[in-house]
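Tertiary structure, described
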Amino acid sequence: MARIGRPGLSDEQKREVWRRWRDGQSLSEIGRALGKVPGSIHGVVAANGGFVPAVRTRSAGVLSLAEREEISRGLAAGDSFRAIAGRVGRAPSTISREVGRHGGREKYRAARADEGAWGNARRPKSCLLQQSPALRDTVAGKLKEDWSPRQIAGRLARTFAPKDGMYVSHETIYKSLFIQARGVLKKELVSHLRRRRTMRRSKNASTAGQQRGCIRDAVSIRERPAEAEDRAVPGHWEGDRATRSCTNLSGLTDWRGS
C-alpha cells in the first residue's frame, strides 16, 4: 500500500540533522542542505527537545549480524544447535534462545532477527524526577515561582544531603521540560523559563550570517548613481515620489469638493 504524505527522514538523514544541529545550524539551513522543509526538521529535533541523542552502540556480548547469518546458514543446512554454537563460539543455549525468539527453525531470518533485536534493545531509563515524586513536586513548585533550573539544582544541593535523594542536575530538569515524551513535568511549566524556549539550542548556534529580515541582493544607498544627487529627474530623490503623491491626492480632494 502506498504511503500517504511527505516521506520521512532516513536514519542517515537523521544523523546528518543532529550533526548539523550540534554545529549550530538553523532548521532552515538544515532543511535546505537535505532538501526538506523546515517543518520536517523541526519534528525530528523537537521530539528530543533539541538534545542531541547519544550514539547507540552494540554491546560486545550480543550476537552480531555476521553470527546471525551463520546461524541462518546452519539452520538451512539442518545442523544442530550445538554444531552451530561451535562454529560461532557461543553456548548452545544462546543459539536455542536466539532461534526460538525469532520464529523458530523454519522462520528464522538473520536480517529480520538482527533488526528486531536492535529495536528491542531500546529500554528507556526513568530519570530521577520519575523515580521520586517528592523531588518532582519540589522542582515543579520552584519552576512555578520562576526559579531557573540552575537555581533549583543549586538550592537542592545546599539544602539536602546526598543520602536524601533530593538532588537533580539542571540538565535533567531541562530535559524533563523539553522532552514531553518523558511525561514528568507539565508543558505549561516551560512558560516560566526566562528564555521561553521550547527546546535546547546548540552552544554554537548563532544568527550571524543568516538572512533574517534582510532584503536579498540589496544595493546600498551609497551606490546610487550621481544623477540622484542633483534631483533633476523626478523619482531620483527619495522624498520626491512621496511629495508628488501627496500633491495629487490633495488635488483629488479639491476636485471632489468643488
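Above this text sits the structure in question.
Described below are features of the structure shown in this document. Note that the structure is a prediction, hence the values are computed from the model and not measured.

Focus on the overall build of the protein chain
Helix and strand counts for the protein chain stand at 14 helices and 0 strands. Here the protein chain holds 258 residues, and the buried ones make up 27% of them. A separation of at least 24 residues holds for 58% of the contacts in the protein chain among residues at least 6 apart in sequence. When the accessible area of the protein chain is evaluated, it comes to approximately 18,200 Å², of which 51% is carbon and sulfur surface.

What to know about helix 6 (residues 92-101)
Along helix 6, the residues classified as buried are I95, E98 and V99. The buried side chains of helix 6 occupy one side of the element, clustering within an arc of 95° when seen end-on. In helix 6, the exposed residues that point more than 90 degrees away from the buried face are G100 and R101. Of the residues flanking the end of helix 6, it is G103, one or two places downstream, whose phi is positive at about 105°.

Focus: the packing of helix 5 (residues 81-88) against helix 6
Running from amino to carboxyl end, helix 5 crosses helix 6 at an angle of 110°, the nearest separation of the two axes being 8 Å. Taken together, helix 5 and helix 6 sit at an angle that is classed as roughly perpendicular. Crossing angle aside, the handedness with which helix 5 passes helix 6 is right-handed. For the pair helix 5 and helix 6, contact is made by F81, R82, I84, A85 and V88 and by P92, I95, S96 and V99, respectively. The residue inventory of the contact of helix 5 with helix 6, partitioned by class, reads 7 nonpolar, 1 polar and 1 charged.

A word on the packing of aromatic side chains
Within a pair of aromatic rings, the relevant descriptors are the distance that separates the centres and the angle that separates the planes. This model, assessed by the stated rule, comprises 2 aromatic pairs. The interplanar angle of 40° and the centroid separation of 6.3 Å between the aromatic rings of F51 and F178 together place this pair among those described as tilted. One end of the pair, F51, is in the loop between helix 3 (38-47) and helix 4 (65-76); the other, F178, is in helix 12 (residues 170-178), and 127 residues separate them in sequence. Considering the side-chain rings of Y174 and F178, the 5.8 Å spacing of their centres and the 35° angle between planes classify their relative orientation as tilted. Pair noted here: Y174 and F178 are both in helix 12, with a separation of 4 residues, about one helical turn. The class for F178 is buried, based on a relative accessible area of 8%. Among the aromatic residues, those joined into a ring-pair cluster are F51, Y174 and F178.

Describing the environment of A113
As for its placement among the helices and strands, A113 is situated in helix 8 (residues 110-120). Judged by relative accessible area, which is 2%, A113 ranks as buried. Taking the C-alpha atoms as reference points, A113 and R101, 12 residues apart in sequence, are found 8.5 Å from one another. Among residues more than four places away in sequence, those in contact with A113 are R68, E98, H102 and Y108.

Thoughts on the side chain of E98
With respect to the helices and strands, E98 occurs in helix 6. Residue classification places E98 among the buried positions, given a relative accessible area of 2%. What E98 contacts, discounting residues up to four positions off in sequence, is L63, R68, I71, Y108 and A113.

Comments concerning unusual backbone geometry
Non-glycine residue D146 carries a positive phi angle of around 70°. Residue position: D146 is located in the loop between helix 10 (133-144) and helix 11 (149-159). Judged by its relative accessible area of 43%, D146 falls in the partly exposed class.

Re the packing of helix 1 (residues 11-22) against helix 2 (residues 27-34)
Close contact between helix 1 and helix 2 brings their axes to 10 Å; oriented N to C, the two are set at 140°. As the angle between them shows, helix 1 and helix 2 are arranged oblique. Between helix 1 and helix 2 the crossing geometry is right-handed. Of helix 2, the residues touching helix 1 (which contributes Q13, E16, V17, R20 and W21) are L27, I30, A33 and L34.

What counts and what doesn't
Residues numbered from 1 in each chain as written. Predicted model: local features only at pLDDT ≥ 70, side-chain atom pairs only at ≥ 80, totals over all residues. Heavy atoms only, no water. Helix = DSSP H or I, 4+ residues; strand = E, 2+ residues; numbered from the N terminus. Buried < 20%, exposed > 50% of the residue type's maximum accessible area, 1.4 Å probe, protein only. Contact = heavy atoms within 4.5 Å. Areas by Shrake-Rupley, 256 points an atom, 1.4 Å probe, with all protein chains shown as cover. Arc of directions from axis to C-beta. Axes fitted to C-alpha atoms, helices over the stretch in contact; angles between N-to-C directions. Parallel < 35°, antiparallel > 145°, perpendicular 65-115°, else oblique. Left-handed = near helix turned anticlockwise from the far one by under 90°. Nonpolar A, V, L, I, M, F, W, Y, C, P; charged D, E, K, R; others polar. Phe/Tyr/Trp six-rings, centres within 6.5 Å; stacked < 30°, edge-to-face > 60°.

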